[in-house]
Amino acid sequence: MSLAVIQMVSQSDVLANLAQARRLLEQAAAGGAKLAVLPENFAAMGRRDVADIGRAEALGEGPILPWLKQTARDLKLWIVAGTLPLPPVDQPTAKANACSLLVDEHGEIVARYDKLHLFDVDVADNRGRYRESDDYAYGNGVVVADTPVGRLGLSVCYDLRFPELYSELRAAGAELISAPSAFTAVTGAAHWDVLIRARAIETQCYVLAAAQGGTHPGPRETFGHAAIVDPWGRVLAQQDQGEAVLLAERDSDEQASIRARMPVTRHRRFFSQGAQRPASEHEFKA
């Protein structure tokens, strides 16, 4: 049950990015992968015409969805299509979501996750300000789907900072979690490794953290360090920068053992909203 995570350095040219992604997915399939995860914005980085791209795809006039379905069929590979802009189903003129699709080996879309948490953040880099909500609408659901390598929960990039989402994915039966990302160089250096390992440890899931790793139009620098992390928090494979195909095996017996020996889902307790705050030093003295 081989897993593959892809790292890319996507640019603004959609067709060139799709050609690069095809080559990397062919390497993943040749390596025995049954499921491969592409990074966030795999088809385009630095574009300001997100709405136009999404509308064309929704109307069946864009290149990305046909390419995705054909590639999955050709390679007999399940693919998590990082993210691409897509408006809600049957609303081609609505604002796009940052959408992560799960496509099966027959080229059928079996799950769609719209990114819940949008990156509206100020960062101390050469760009300075990121406002994903200018281009994208917020998602509103948790998505888990069965695959040949296990039950997969879907997430994207900035979601990694919100552990309650991952608790919900585990509660919905996730055994693996995809996290296609394009972390900035600054935030990635500070937090990427600890976040992907923490999400794996707390959910006892494999985390498939695809990434962008290099310099893109904008200008924008991404951190890279795509990785596959096991349910004990061990990094099984990682790539610093540049394009890469990372492969690892899922050990379902070991995962079951980890969950049995440390049954965190049964141990979880919740604080009531009315819980009292600790008294301050002044209040103790009074």
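What comes next is a walk through the structure. Worth saying up front: this structure is predicted, and the values here are computed from it rather than measured.

**So, the pattern of salt bridges**
- Scanning the model with the defined rule gives 15 salt bridges in all.
- Two residues, R199 and E202, come together in a salt bridge whose shortest N-O distance is 2.5 Å. Here R199 pairs with E202, and both are found in helix α5 (residues 185–203), just three residues apart, close to one helical turn.
- Here E202 falls in the partly exposed class, since its relative accessible area comes to 27%.

**Quick word on the sheet that holds strand β9 (residues 144–147)**
- What the six strands build is an open sheet, ordered β9-β10-β11-β12-β16-β17; its pairing is mixed. Strand pairing shows two members of the sheet lacking a second neighbour, β9 and β17 (235–239), which therefore form its edges. Sheet twist, expressed as the average angle between the axes of neighbouring strands with direction ignored, equals 20°.
- Here strand β11 (residues 176–178) pairs with strand β12 (residues 206–209) via three bridges, running parallel. Paired with I177 across the two strands is V207, which belongs to β12.

**Considering the pairing of strand β1 (residues 2–8)**
- Extensive coverage of β1 is indicated by the burial of seven of its seven residues.
- Along β1, one buried face is formed by S2, A4, I6 and M8 and the opposite face, lined by L3, V5 and Q7, is buried too.
- Across four bridges, the pairing between β1 and strand β2 (residues 33–37) is parallel. Bridge assignment links S2 to a residue of β2, and that residue is A33.
- Traced from β1 through helix α1 (residues 14–30) to β2, the parallel crossover comes out right-handed.
- Looking at chain direction, β1 and strand β13 (residues 211–212) are connected through two bridges and run parallel. When the sheet's bridge partners are listed, M8 is paired in β13 with Q212.

**A few points about the packing of α1 against helix α3 (residues 64–75)**
- It is at 11 Å that the axes of α1 and α3 come closest, and there the two elements cross at 15°. In this view, α1 runs roughly parallel relative to α3, as classed from their interaxial angle. Regarding α1 and α3, the two cross each other, and that crossing is right-handed. Contacts between α1 and α3 involve V14, L18, A21, R22, L25, E26 and A29 on the former and, on the latter, I64, W67, T71, D74 and L75.
- Across the contact of α1 with α3, the residue classes tally to eight nonpolar, one polar and three charged.

**A closer look at helix α2 (residues 50–58)**
- Of all the residues in α2, the buried ones are V50, I53, G54 and E57. One side of α2 carries all its buried residues, which in axial view fall inside an arc of 95°.

**Description of the nonpolar core**
- Grouped together as the largest cluster of nonpolar side chains are 46 residues, with contacts concentrated most on L35, L102, L160, W192, I196 and L208.
- When near neighbours in sequence (up to four residues on either side) are disregarded, I196 contacts L160, V207, A209, A227 and V229.
- Counting 30 residues, the second-largest nonpolar core is a separate cluster that includes A4, A43, L68 and L86.

Each value, and the rule that gives it
Residues numbered from 1 in each chain as written. Predicted model: local features only at pLDDT ≥ 70, side-chain atom pairs only at ≥ 80, totals over all residues. Heavy atoms only, no water. Salt bridge = Lys/Arg side-chain N within 4 Å of Asp/Glu carboxyl O. Helix = DSSP H or I, 4+ residues; strand = E, 2+ residues; numbered from the N terminus. Buried < 20%, exposed > 50% of the residue type's maximum accessible area, 1.4 Å probe, protein only. Pairing = 2+ DSSP bridges. Axes fitted to C-alpha atoms, helices over the stretch in contact; angles between N-to-C directions. Right-handed = clockwise from strand over helix to strand, strands pointing away. Parallel < 35°, antiparallel > 145°, perpendicular 65-115°, else oblique. Left-handed = near helix turned anticlockwise from the far one by under 90°. Contact = heavy atoms within 4.5 Å. Nonpolar A, V, L, I, M, F, W, Y, C, P; charged D, E, K, R; others polar. Arc of directions from axis to C-beta. Core = buried A, V, L, I, M, F, W, Y, C linked by side-chain atoms within 4.5 Å.

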